[in-house]
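Examination of the molecular architecture
Okay, here's what each chain looks like letter by letter:
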Amino acid sequence: MSVLILVEHKKGSLVKASLNVINAASQMAAKMGVVYNLAVIGSGVDATVAAVKNVGAAKIYVADDAKLANYLDESWADVLAAIAKASGARAVVGLASTQGKAVLPRVAGKLNAGMASEVTGITDDLHFLRPIYAGNVNAEVEITTDVKVASIRGTAFEPVSSGSEAAIETVAVAIDPNAYRKKFVKMEEVVSDRPPLTEARIVVSFGRGIKAKENIPIVEKLADTLKAAIGATRVVVDAGMIHNDYQVGQTGKVVAPDLYIAIGMSGAIQHLAGMKDSKVIVAINKDEEAPIFQVADYGIVADLFQAVPEMTEKIQAIKNA
């Protein structure tokens, strides 16, 4: 018996938040008195396997097949469920990412398992803590099925430390991509030289105070000066100012960087749900009553069109000194 962890990767490289998930799952395995194993699914995954080979897992199940080169929720769910059944997994966990939110519920259905999503903590009696009502309430959830499935919020756990080396087991992939109703057509992704939003140490995010798409370079210049990622509120995404890949909040991405700079946003509860765990929050807003100041560590009451360029200049001057 074991806990099985889905390891995410992108473009041949490990998604760093998977290390946080492994840490959470290792704690879960210790409470259950079982080992934890990893599942790496895809095509050309040698680099990902090497990146997680020494994190204390008992075994890494590797499903490396050309049929899995193009990611589909259905194919990955079939392969992961098959590994779970063959290995006698008592729990299957993964990252609460776009991919994890699509694959893990399908796996739960195939295993007749109960599921907890966006898990931020695990109690000694194997109850799962998860935020509800946009993070205003933390619920304690019990899964009573024999097999349990959970998606883990990576920002709630530290990355796993190094450990013993895992054994490698190659998994035969018995799927027919043509049998699925969904077909892979093409991948269109946002390409940026900036750090990935969910992995960045610094995030510079903006709201409706930016007023127009033409003003976004003000924010981008600050982000580039800080080597930061760009984030945005749902309002500006819905207005078409920026791609939804940059959205932070309850219906976007959850981030917890070392520094989060909130520019021209009110601080709606839906947005706070995605960033309030940031270590340091700096807010810039000309409305001193804006709710964002209630969660900010530092607040600047000013017009962003004056404050942000000035901040950028001063930071650049310090870097050049």
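For the structure itself, look to the data block above.
Residues numbered from 1 in each chain as written. Predicted model: local features only at pLDDT ≥ 70, side-chain atom pairs only at ≥ 80, totals over all residues. Heavy atoms only, no water.

1. Topic: the side chain of glutamine 99
Mapped onto the elements, glutamine 99 comes out in helix H4 (residues 98-110). Discounting chain neighbours no more than four positions away, the residues touching glutamine 99 are Glu8, Tyr71 and Trp76. (Helix = DSSP H or I, 4+ residues; strand = E, 2+ residues; numbered from the N terminus. Contact = heavy atoms within 4.5 Å.)

2. As for the sheet that holds strand S17 (residues 298-301)
With respect to topology, five strands assemble into an open sheet ordered S14-S13-S15-S16-S17, the strand pairing being parallel. Two strands close off the open sheet at either side, each with one partner strand: strand S14 (229-232) and S17. Across the sheet, the axes of successive neighbouring strands diverge by a mean angle of 15 degrees, strand direction being ignored. Here five bridges tie strand S13 (residues 202-206) to strand S15 (residues 259-263), and the two strands are oriented parallel to one another. Residue pairing across strands places serine 205 opposite alanine 262, the latter belonging to S15. Lying over the sheet, helix H5 (residues 216-226) contacts S13, S14 and S15, oriented at roughly 175 degrees with respect to S13. (Pairing = 2+ DSSP bridges. Axes fitted to C-alpha atoms, helices over the stretch in contact; angles between N-to-C directions.)

3. Here's the deal with the pattern of salt bridges
Applying the stated criterion across every chain yields a total of 16 salt bridges. Between glutamate 165 and lysine 53 there is a salt bridge, and its shortest N-O distance comes to 3.3 Å. With glutamate 165 in the loop between strand S11 (148-152) and strand S12 (167-170) and lysine 53 in the loop between helix H2 (46-51) and strand S5 (59-64), this residue pair connects regions lying 112 residues apart in the sequence. Look at lysine 53 and you get partly exposed, because its relative accessible area is 28%. Taken together, the shared-partner salt bridges connect Asp73, Glu74, Arg106 and Lys182 into one network. (Salt bridge = Lys/Arg side-chain N within 4 Å of Asp/Glu carboxyl O. Buried < 20%, exposed > 50% of the residue type's maximum accessible area, 1.4 Å probe, protein only.)

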